[in-house]
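Descriptive analysis of the structure
Each chain, written out:
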Number of protein chains: 2
Amino acid sequence: MAELTPATRDGSASARIAEGLRRAILSGEHRPGERIVQEELAERYGGSRIPVREALRQLESEGLVRLVANTGAWVQSLTMAQCSEVYQTRERLEPLLLRHSAEHLTDDVVHSLDELAQKMENSGDIEEFLELDREFHFATYRAEGTYVLRDLVTRLWNTTQPYRRAYTSLVDSEHMRIFHDDHHMLVSALRDGDLKLAEQIVAIHIRRTRVNLERHPEIFPPTDPNHE
Amino acid sequence: MAELTPATRDGSASARIAEGLRRAILSGEHRPGERIVQEELAERYGGSRIPVREALRQLESEGLVRLVANTGAWVQSLTMAQCSEVYQTRERLEPLLLRHSAEHLTDDVVHSLDELAQKMENSGDIEEFLELDREFHFATYRAEGTYVLRDLVTRLWNTTQPYRRAYTSLVDSEHMRIFHDDHHMLVSALRDGDLKLAEQIVAIHIRRTRVNLERHPEIFPPTDPNHE
DNA sequence: ACAGGACATACTGGATGCAATCAGTCCAGT
DNA sequence: ACTGGACTGATTGCATCCAGTATGTCCTGT
């Protein structure tokens, strides 16, 4: 699985646990709203509760976990409105990130993008599809220089991952067709060096997904403002 | 001081420490690159190192602190390129946030914005100016509904606060004039309900600040990629 | 039968103590 | 004089232990 972590800087236990739990949440092993018990994590990762708690704090700040004092931790769940907000944010940021990255895109990368888009089209498995989709888009975001924007976008992807999964599982083949077309068009635009067009495609691609998500309120928690 | 914290959800020691340290960093009490010693914080806030460490993890995730395993913690410092990236991000996001908020802006708020802009203009003190500026802009961001976007913008403001401070202290009165004009124009646009114009003003305002910041490389750490 | 309250349990929050790692210093060798 | 290496002090990372809080259950009273 590619690049789940915004910026891992140490190899200590708490970092290991944060990474493991992040992966577990993103892979769907833990679902939004699910309770997280410190001691279980401690045992699973072979440590005491101290590093577990530090990991939970970190993931809370990343928006993957929700902590309530003296009560416990849960996998973060988003209302439809919140999810929609994240997508609107992505719609503004990813074209910018793409612009920064595009100048560093080599022919090799464009070629591998093509392959990824093709592979995705032939993929039947949802989990595989999600991974490939992520890999595809982040392959276009290989900005040199600094990483603040890419880290930010990574987090936005992470917090909405469970809903992307839920949505993917019930989308029909017609919408999938459009989805794949977006990818191929993006590859073409990048190959032609038409940056402006590429930015537009990404923005529309994200907006399309948001609109589709908003057609499926049933994949979000009932009402509950939950988040504060 | 108004609204420094993205989302404080518990009143525990670690939350208190995170809030206190965040405030200390934003107020300039601790400068970028400065070493942070766990035990000193523990003593200062009257606790052990455990909640201090959790607070540090959180602030690291917020981009205010830099942790290196087995070595220590420092107040995060940004290169000019990173700071510039944050400003480009803000330039994309704050117009969006403003749009979401504007429909909830009452006449009272617009009136108080006017007062704030005036007060800022008469302010001689840098710290007071920084606070008022922040208060002013966030007064325009009082979105109802969810808060993910506002939290995000809050964090972006936080990470760049030290450089805003440094820059403010050496800007000349001519640039200040333009700065204040932006504010008054923004208030007018909001009063007239001209949302499109308001968005443009905010974007330009942020861009202007970024460009000015880029004219002062001396306020940033020498070269050092520092981050990773 | 139902509501209110006390108790028990399970879990979280935090303090102390110990092991491990890093940085800076001093000394020896070339 | 300068480089390389061992040593020491300081500081971090983690485990264990204890206290505090929330939740669920049972009992009592009406």
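Look above for the structure.
The paragraphs below set out a description of the structure included in this document. (Residues numbered from 1 in each chain as written. Chains lettered and ligands numbered in written order. Predicted model: local features only at pLDDT ≥ 70, side-chain atom pairs only at ≥ 80, totals over all residues.)

Once that is clear, we can look at the protein's contact with DNA strand D. For DNA strand D, the set of nearby residues contains 18 residues, the closest of which are A:Ser12, A:Ala13, A:Gly47, A:Ser48 and B:Gln38. Going through the elements one at a time, helix 1 (13–26) and helix 3 (49–62) of chain A together with helix 2 (38–44) and helix 3 (49–62) of chain B are the ones with two or more residues in the surface near DNA strand D. Element by element, the count of residues in the surface near DNA strand D is highest for helix 3 of chain A, at 3 residues. Across the surface near DNA strand D, the residue classes tally to 5 nonpolar, 9 polar and 4 charged. (Near = placed C-beta within 6 Å. Helix = DSSP H or I, 4+ residues; strand = E, 2+ residues; numbered from the N terminus. Nonpolar A, V, L, I, M, F, W, Y, C, P; charged D, E, K, R; others polar.)

What follows covers the protein's contact with DNA strand C. Close contacts around DNA strand C come from 18 residues, with A:Gln38, B:Ser12, B:Ala13, B:Gly47 and B:Ser48 the closest. Secondary-structure elements contributing two or more residues to the surface near DNA strand C are helix 2 (38–45) and strand 3 (72–75) of chain A together with helix 1 (13–26) and helix 3 of chain B. Counting residues per element, the surface near DNA strand C draws most heavily on helix 3 of chain B, at 3 residues. Among the residues making up the surface near DNA strand C, the classes are represented as 6 nonpolar, 9 polar and 3 charged.

What follows deals with the packing of helix 4 (residues 80–102) of chain B against helix 7 (residues 148–168) of chain B. Residues and elements named next belong to chain B. Packing of helix 4 against helix 7 brings their axes to within 10 Å, and their N-to-C directions diverge by 145°. The chirality of how helix 4 crosses helix 7 is left-handed. Judged by residue contacts, Cys83, Val86, Thr89, Arg90, Leu93, Glu94, Leu96, Leu97 and His100 of helix 4 engage Leu149, Arg150, Leu152, Val153, Leu156, Thr159, Thr160 and Tyr163 from helix 7. (Axes fitted to C-alpha atoms, helices over the stretch in contact; angles between N-to-C directions. Left-handed = near helix turned anticlockwise from the far one by under 90°. Contact = placed C-beta atoms within 7 Å.)

Turning our eyes to something else, we now look at the interface of chain A and chain B. Taken together, the contact pairs 31 residues of chain A with 31 residues of chain B. Elements that contribute at least two residues to the side of chain A that touches chain B include exactly helix 3, strand 2 (65–68), helix 4 (80–102) and helix 7 (148–168) of chain A. Looking at the side of chain A that touches chain B, the element that brings in the most residues is helix 4 of chain A, giving 9 residues. Grouping the amino acids of the side of chain A that touches chain B by side-chain chemistry returns 12 nonpolar, 10 polar and 9 charged.

A separate point is the sheet that holds strand 2 of chain A. All names here are of chain A. Read from one edge to the other, the open sheet built from 3 strands follows the order 1-3-2, with strand pairing classed as antiparallel. At either margin of the open sheet sits one strand with a lone partner, and together these are strand 1 (35–36) and strand 2. Pairing between strand 1 and strand 3: 2 bridges, direction antiparallel. Residue pairing in the sheet places Arg35 in a bridge with Trp74 of strand 3. Helix 3 contacts strand 2 and strand 3 of the sheet and is inclined by roughly 115° relative to strand 2. (Pairing = 2+ DSSP bridges.)

Here we take up the relation of the copies chain A and chain B. Superposition of the two copies of the chain requires a rotation about an axis together with a shift along that axis. At an RMSD of 0.0 Å, chain A and chain B line up after a rotation of 180° and a shift of 0.0 Å along the axis. Here the symmetry operator amounts to a two-fold rotation axis. Looking at the interface residues of chain A, 100% of them are also at the interface in chain B, so both copies use one shared face. (Least-squares fit on C-alpha atoms with pLDDT ≥ 70 in both.)

In this section: unusual backbone geometry. What is expected of a backbone is that most residues other than glycine have negative phi and most peptide bonds are trans. A positive phi angle is found at A:Asn70, which is not glycine, with a value near 60°. Note that A:Asn70 resides in the loop between strand 2 and strand 3.

Read these as layout, nothing more, since geometry by itself doesn't imply function.
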